[in-house]
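Chain residues, written in single-letter form:
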Amino acid sequence: MNAHRTDFSTGKVSRCILDLAVPMTLAQMVNLLYNIVDRMYIGKIPGTGDLALTGLGICFPVIMILNAFANLYGTGGAPLFSMERGAGNQEEAGRLMGTSFAMLLITGAVLMALCLIFLRPLLYLFGASDTTYPFARDYAVIYLCGTVFVMVSLGMNGFINAQGFGRIGMMTSLLGAVVNIALDPVLIFYLGLGVKGAAIATVFSQMLSAAWVYRFLTGPRTLLKIRPAQMKIESPRLKRIVALGLTGFMMQATNSAVQIACNKTLQTYGGDLYVGVMTVMTSIREIFNMPVLGMTNAAQPVISFHYGAKDAARVRQAIVFISVFCVVSCLFFWLLIIAFPAFFVRIFNDEPPMIEACISAIHIYFFGLFLMALQSAGQSVFVALGKARRAVFFSIFRKIIIVVPLTLYLPRFMGLGLTGVFVAEPVSNLIGGVACYTTMLCTVLPELKAMEKTDPGRRP
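Residues numbered from 1 in each chain as written. Predicted model: local features only at pLDDT ≥ 70, side-chain atom pairs only at ≥ 80, totals over all residues. Heavy atoms only, no water.

Asker: I would appreciate a short explanation of helix α2 (residues 49-86) in the present structure.
Answerer: Counting along an α-helix, one turn takes 3.6 residues, and residues three or four places apart therefore face a common direction. Largest kink in α2: about 35 degrees, centred on Cys59, with the proline Pro61 one to four residues after it. For α2, the buried fraction is high: 32 of the 38 residues fall into the buried class. Following α2 by one or two positions, Gly88 adopts a phi angle in the positive range, close to 85 degrees. (Bend = angle between axes of the 7 residues up to and from the residue. Helix = DSSP H or I, 4+ residues; strand = E, 2+ residues; numbered from the N terminus. Buried < 20%, exposed > 50% of the residue type's maximum accessible area, 1.4 Å probe, protein only.)

Pasting the structure below:
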């Protein structure tokens, strides 16, 4: 694989972002395939596909918790790493990467042990019934055994992208996804392992991805290598990483909290069928959110680099570019899902009761999807500029303060039943998205103007 590198200091800002965004969006696409392909195959298991798919949906909070900790050190360390590179502090950048890697290894081992010990009560807490628990347990036990691989592949890939190697970062996801797609039908159907086969394929794929990341970051082509001497965990540096990484952590942790609230409420008002419905809608949302994630993730190292270099004009150009892209792409996908809901549902399950229930829920759940773009753009800018407190606040605000209470109380107190669960999402998109983006404009733009007056910008 050609180790093409994007030089953030030259060319148009939009070109720099797109140069990273194309491979990173492809990486998001293939990374999504880890779980999407599992759901597609599991939903097609003869006789038990709907229950197996519901069981997998119950595992989502566990998966999100692991991803949250990967983001804690990955999205916390990588922007700081880019800022230090932009400022010319290569030694500190290397130490930030080494600290993140060490914490991913330690945290992964601890999380695996804790989740395995408390797995049964956790799965019932997350919405399992006696019927769906065996499916959820079979998948979760095997998936948890690969926790360290998941942490390393997700958490450290950002340091590859932060050095401009977007294509190499794409290969991290591509390698694992191709193997996962190839192994799934063999293990699930040919060997008859069902959800266990899906979990085995996923863990093996993540192991290969983790090996790829480690090999590149210790090899000759990377600009800065992982070095044992730089893996010493020092409190001031770790605090910087955690403070900024709390945004990515809270985004995943709050997603987990929302999933738990939805599963429990849907189990109460609709049973296993509607827990499966939420699994399908979550999967569709992940597909449509993929270009937005690719673009915002690509913009972050570019924005961080120029912010560290005190080039306010290029930071502003990047903000405008990703804002327009996010809104337009989300608007397009919203219109697409409203026009062809059955097509997307059938990707995961073709049972008539599931299709009928999903279609009625989709029109509510995805209403005003484009407003979510404002939240994505605003938070990505806060993360890229190291505005940890603001980024964390808006992660909590949309999910914990708005979505979770509405999910729990609308069905009961407004008499909406199942409809109340699905209404919570568009309401949160409107309030949370507008609040986040408006705050970003009102706080970041004045800072950039002040930066231009004191330092008209420089190129490292």
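Now, onward.
Asker: Would you explain the environment of Gly127 in this entry?
Answerer: Among the secondary structure elements, Gly127 is positioned in the loop between α4 (119-125) and α5 (133-145). For the pair Gly127 and Thr438, spaced 311 residues apart in sequence, the C-alpha to C-alpha distance is 36 Å. Aside from chain neighbours lying at most four places away, what touches Gly127 is Ile58, Asn263, Lys264 and Gln267. (Contact = heavy atoms within 4.5 Å.)

Asker: Even after reading the chapter, I still don't get the packing of α2 against α5, so can you show me in this structure?
Answerer: If you want to describe how two helices pack, look at the angle between their axes and the distance between the axes. Running from N to C, α2 and α5 cross one another at 35 degrees; their axes reach a closest spacing of 8 Å. The two elements α2 and α5 meet at a crossing, and its hand is right-handed. In this structure, α2 contributes Leu51, Ala52, Gly55, Leu56, Ile58, Cys59, Val62, Ile63 and Leu66 to the contact, and α5 contributes Phe135, Ala136, Tyr139, Ala140, Tyr143 and Leu144. Of the residues that constitute the contact of α2 with α5, the class distribution is 14 nonpolar, one polar and no charged. (Axes fitted to C-alpha atoms, helices over the stretch in contact; angles between N-to-C directions. Left-handed = near helix turned anticlockwise from the far one by under 90°. Nonpolar A, V, L, I, M, F, W, Y, C, P; charged D, E, K, R; others polar.)

Asker: Could you clarify how one ought to interpret the pattern of salt bridges in this entry?
Answerer: A side chain with one charge can pair with a side chain of the opposite charge if their charged atoms come near. Using the criterion set out here, one finds nine salt bridges in the structure. With a closest N to O distance of 3.0 Å, Glu91 and Arg95 form a salt bridge. Of the two residues, Glu91 and Arg95 both sit in helix α3 (residues 90-117), four residues apart, roughly one turn of that helix. Glu91 sits in the partly exposed class, given a relative accessible area of 45%. What makes Arg95 partly exposed here is its relative accessible area of 26%. The residue Arg285 makes a salt bridge to Glu425 at a minimum N-O spacing of 3.5 Å. (Salt bridge = Lys/Arg side-chain N within 4 Å of Asp/Glu carboxyl O.)

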